[in-house]
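# Structural overview for review
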Amino acid sequence: MNKLVLRNYKQQFDSIVKHVVAADGEDMEYWLARDLQKVLGYARWDNFEVTIRRAISSCTSQSIPHSDHFRKVTKMIAIGKGGERGIVDYELTRYACYLIAQNGDPKKEEIAFAQSYFAIQTRKMELIEERMELFSRLNAREKLKASERQLSRNIYERGVDDAGFGRIRSKGDTALFGGHTTQEMKQRLGVNSNRPLADFLPTVTIAAKNLATEMTNFNVEQNDLFGEDKITTEHVKNNTSVRNMLSQRGIEPENLPPSEDIKKLSRRISSHDKNLPKGVKPLPS
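None of the values given here were measured: they were computed from a predicted structure.

For helix H10 (residues 228-248), spanning 21 residues, the distance from its first C-alpha to its last is 30 Å, which sits close to the expected 30 Å at 1.5 Å a residue. For H10, every residue scored as buried is listed here: Ile231, Thr232, Glu234, His235, Asn238, Asn239, Val242, Arg243 and Leu246. One side of H10 carries all its buried residues, which in axial view fall inside an arc of 170 degrees. Exposed side of H10, more than 90 degrees from the buried face: Asp229, Lys230 and Gln248 are the residues found there.

Rendered as structure tokens:
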């Protein structure tokens with residue numbers, strides 16, 4: 001996700017009306033769920049309220065009184081001929097907004113941004129960008145894991161054992177990284193030999209590996225390829241094609257610097273999130 005898209009999301013979230021009330025001599029901020037619904041990409045209130053209920057359950061499971069952060073209210077809205085009717089809404093603390101984002105549809109970019117936006121009290125863009133980079137890398141990494149699991153199943157059904165799978169994947173890496181083997185790339189990037197190389201690759205390279213693997217899965221199934229030699233040829237061909245595409249855009253995967261260990265980055269973000277309820281003021285009585 002580029003910086004322009006991030007800043008557009010930030011503008012949308014900044015545009016949500018933040019309500020401020022005085023509580024115990026201090027200002028306390030809260031948001032209304034119906035305003036949040038729109039920027040999180042939910043067209044129907046019924047669907048969004050399901051997410052709110054999951055967020056309330058999550059709050060309760062952490063032994064945090066949900067009433068401190070979620071307050072159900074009734075709003076009156078105008079209807080035809082000067083009449084009014086009541087609709088359900090919720091007053092939400094920043095922590096409640098964060099929990100709603102955590103329990104929202106993970107496929108929505110708006111949800112990923114909201115998780116960062118409401119988790120970071122200072123709203124510093126560089127911290128949000130770090131979290132969004134983690135989201136992008138984790139998402140790409142999970143897709144790669146899934147496509148490699150599928151490849152493992154495909155080739156096992158076609159007479160290739162685990163050792164053969166390792167050889168196929170290694171030769172694919174050699175094609176993608178311009179002749180450098182997986183082990184050589186680990187040495188170039190300073191990766192421990194017993195850790196997966198992909199945990200230290202930038203998002204673009206993880207996505208490239210995934211695309212090549214998805215292409216191999218498709219063609220293995222479509223053309224019913226059988227045996228290690230044929231599947232290896234297919235996988236090398238796909239990684240070479242992806243490498244050529246990247247090269248045309250001036251990207252050489254073997255020369256990109258390593259990214260931070262994805263597990264370490266994930267732990268740091270998780271540690272920050274665990275401390276989030278501390279210092280978050282409850283809704284005033």
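That covers the picture; the talk isn't over yet.
Let us now look at the packing of aromatic side chains. For the coordinates displayed, the defined rule picks out 4 aromatic pairs. On the numbers, 5.2 Å between centres and 50 degrees between planes, the contact of Tyr42 with Phe48 is tilted. According to the relative accessible area criterion, Tyr42 is buried, its value standing at 12%. With 6.4 Å between their ring centres and 25 degrees between their planes, Tyr95 and Tyr98 make a pair best called stacked. You can see Tyr95 and its partner Tyr98 sitting in helix H4 (residues 94-102), 3 residues apart, about one turn around the helix. Tyr98 carries the same exposure label as Tyr95, and that label is buried. Of note, Lys108 hangs over the ring of Tyr42, and the distance from its end group to the ring centre comes to 5.0 Å.

Next up on the list: the nonpolar core. Counting 35 residues, the largest nonpolar core has Phe13, Leu36 and Phe70 as its most contacted members. Contributing elements (two or more residues each) for this core: helix H1 (3-14), helix H2 (33-39), helix H3 (45-61), strand E4 (84-92), H4 and helix H5 (109-119). What Phe70 contacts, discounting residues up to four positions off in sequence, is Ile52, Ala55, Ile56, Cys59, Glu91, Leu92, Ala96, Leu99, Ile100 and Leu283.

Let us look at the layout of surface pockets. Of the volumes computed, that of the largest pocket is approximately 230 Å³. In this structure, the largest pocket is lined by 13 residues; those nearest its centre are Arg169, Asp173, Thr182, Pro196 and Leu197. Counting only elements with at least two residues in the lining of the largest pocket, the list comes to helix H6 (125-156), helix H7 (162-176) and helix H8 (182-189). Ranked by the residues each element gives to the lining of the largest pocket, the list is headed by H7, at 4 residues. Residue composition of the lining of the largest pocket, grouped by class: 4 nonpolar, 3 polar and 6 charged. The volume enclosed by the second largest pocket comes to roughly 180 Å³. Along its surface, the second largest pocket is lined by 12 residues, and Gln102, Gln115, Arg131, Leu134 and Ile269 are the ones closest to its centre.

Reading the values: the criteria
- Residues numbered from 1 in each chain as written.
- Predicted model: local features only at pLDDT ≥ 70, side-chain atom pairs only at ≥ 80, totals over all residues.
- Heavy atoms only, no water.
- Helix = DSSP H or I, 4+ residues; strand = E, 2+ residues; numbered from the N terminus.
- Expected span 1.5 Å × (residues − 1).
- Buried < 20%, exposed > 50% of the residue type's maximum accessible area, 1.4 Å probe, protein only.
- Arc of directions from axis to C-beta.
- Phe/Tyr/Trp six-rings, centres within 6.5 Å; stacked < 30°, edge-to-face > 60°.
- Lys NZ or Arg CZ within 6 Å of the ring centre and 35° of its normal.
- Core = buried A, V, L, I, M, F, W, Y, C linked by side-chain atoms within 4.5 Å.
- Contact = heavy atoms within 4.5 Å.
- 1 Å grid on protein atoms, 1.4 Å probe; cavity = no way out; pocket = protein on both sides within 12 Å on 5 of 7 lines; lining within 4 Å.
- Points joined across faces, edges and corners; volume = space filled by probe spheres on them.
- Nonpolar A, V, L, I, M, F, W, Y, C, P; charged D, E, K, R; others polar.

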